[in-house]
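Overview (structure and organization)
Next come the chains, spelled out residue by residue.
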Amino acid sequence: MENNELTPAEQRVRDAFPRGEHLDFREAEDEDPAQGGDWGPERTVRAPVLRRLLLNGPQEPGEIAALKLSGLRISGALDLRYATTDQAIRLSHCSFDQVPQLYGCQLRQLNLSGSVLPGLNAATLRVDGVLRMTDCRIHGPVRLGGARISGALFMDRAELTAPDAPEAVLQLNQATIGDDLWAPELRTHGETRLDGASVSGSVNLERARLTAPGSTVLTAQTLTVGADVRAKRLRTRGRIELRGSHIAGRLDLGYSRLSNPGGTALRASSSVIGELWLHRSEPVEGTLNLRRSRIEVLSFEPEVLPGRVLLNDLSYSALNPHEPADRRLPMLEREGEGYLPFVYEQLTAAYNRVGDGQAARLVQLAKQRRHRTTLTGYARAWGHLQDATVGYGFRPLRAAVWLMSLLAIGSITYGLHQPRPLRAAEAPHFNPVFYTFDLLLPVISFGLEDAFAPDGWYQVLSYVLIVTGWILATTIVAGVTRSISRQ
């Protein structure tokens, strides 16, 4: 394209390119590039002109060529498919008439901050530096699947919508980002896809708003993050899918609101996560699924959990903040899959690690009671008896109270109504306390039970004491055995 075919605006761009000068066509810094359709030829550059500059533009010795433009309308499609350019590209606060075609191209750096675009086709894009899309407004799918960005990806305060597209509004599946994915206050209306993506640094979604009611708002299966996922004050309407993800640091969802009524709000099953924080978040609306995951630290208040929580085969080391057992136990009953002993063992281990043996025992007692509901007939009756007498061995003082009460009843009764001796000449001196002991304790014998024989209902009382003693002794032995096995 010859110089005489260029408009004055395009000529200015061509002259500034070899020296990497920044041209700002804006009339005011706060003007809205969404009004770019009204800009005249003095602020319009054809996309083929930019393409020619980037692929075969003039060079000046001692200067670094770059395309740095602000406040322009770019007419036509900027087509750089499969192209390679060493020049940095900055097209900030610009208005694009058509979707830029960047599939498979290799760029030094790309900055689209503040621009308005009808979409972006940049799958398998290679960027040697950073990709900036800060404050962008994009009204179509952003296709960055398989992209390789050696630096960071900035999407802070960007707004992405794709009202007529059946595909995800943001596609970063299988993308590799060498630094951070920086997207605080991101706004999306549709699905964001990060399946198989790898982020060496952190993912920042603080104060983001992700909306896809009744659908999946964020898909990040097998996502790998080298540091933290910072998502404080995140607001979502739709399903978050993190199955199989690996997050080395913290998944911080503190002060957030996750909402997908009638479906799954957050699924992080089969994942490996350093810490999961839901600290001071609003109650989750929808199912929370953490099955088969390994999480070192879980941090949330009991009130945050929804009505259905899936925890089977979840492994964790610590549970913060420290709460009494009766505050944590309800979450184990929200699985909806019947009796799952593993979830009780995990909570018990968490309490034991912080030295709260009393809470650990209460969890084990709750486990036995839950198991009892799966039994029938004699087994369930026996369970009720063990619970009432010694609390399945976790409340041994209860057995002592029963024994002392029965001992007092027997001692008073037989003290007032001494049984007749079987052989008066050979009978030892009668002692009501030790006689009751003889009846209650099936192993120890003081020789009084065989020497005296009560009559009438006093004999019935002796039978009750004998049977009760055997039951108490059996349940105490079972409880002691269970305690030893736990140790």
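Everything numeric here is computed off the predicted structure, so don't read it as measured data.

**So, the overall build of the protein**
What the protein contains, in helices and strands, is nine helices and 37 strands. Overall, the C-alpha framework of the protein stretches about 140 × 40 × 35 Å when taken along its three principal axes. Burial analysis of the protein (487 residues in total) assigns 49% to the buried set. A total of about 22,300 Å² of accessible surface is found on the protein, and carbon and sulfur atoms cover 52% of it. Here the protein holds 54 positive side-chain charges and 53 negative ones, and the gap between their average locations is 5 Å.

**Thoughts on the environment of Leu 55**
Considering the arrangement of structural elements, one finds Leu 55 in helix α2 (residues 47–56). Put simply, Leu 55 and Ser 462 are 407 residues apart on the chain and 105 Å apart in space, counted from C-alpha to C-alpha. Beyond its immediate chain neighbours, meaning those up to four positions away, Leu 55 contacts Leu 80, Ala 83 and Thr 84.

**Quick word on α2**
Of the residues making up α2, those classed as buried are Ala 47, Val 49, Leu 50, Leu 53 and Leu 54. All buried residues of α2 fall inside an arc of 160 degrees around its axis, so they share one side.

**Quick word on the nonpolar core**
The biggest cluster of nonpolar side chains holds 111 residues, and the ones touching the most others in it are Val 13, Leu 67, Leu 91, Leu 125 and Met 133. Those residues in contact with Leu 125 that sit more than four places away from it in its chain are Leu 102, Gly 104, Cys 105, Leu 107, Leu 131, Leu 144, Ala 147 and Arg 148. Among the nonpolar cores identified, the runner-up in size contains 14 residues, and Tyr 414, Leu 439, Tyr 458 and Leu 472 belong to it.

About the cut-offs
- Residues numbered from 1 in each chain as written.
- Predicted model: local features only at pLDDT ≥ 70, side-chain atom pairs only at ≥ 80, totals over all residues.
- Heavy atoms only, no water.
- Helix = DSSP H or I, 4+ residues; strand = E, 2+ residues; numbered from the N terminus.
- Buried < 20%, exposed > 50% of the residue type's maximum accessible area, 1.4 Å probe, protein only.
- Areas by Shrake-Rupley, 256 points an atom, 1.4 Å probe, with all protein chains shown as cover.
- Lys, Arg positive; Asp, Glu negative; His and termini not counted.
- Charge placed at Lys NZ, Arg CZ, Asp CG, Glu CD.
- Contact = heavy atoms within 4.5 Å.
- Arc of directions from axis to C-beta.
- Core = buried A, V, L, I, M, F, W, Y, C linked by side-chain atoms within 4.5 Å.

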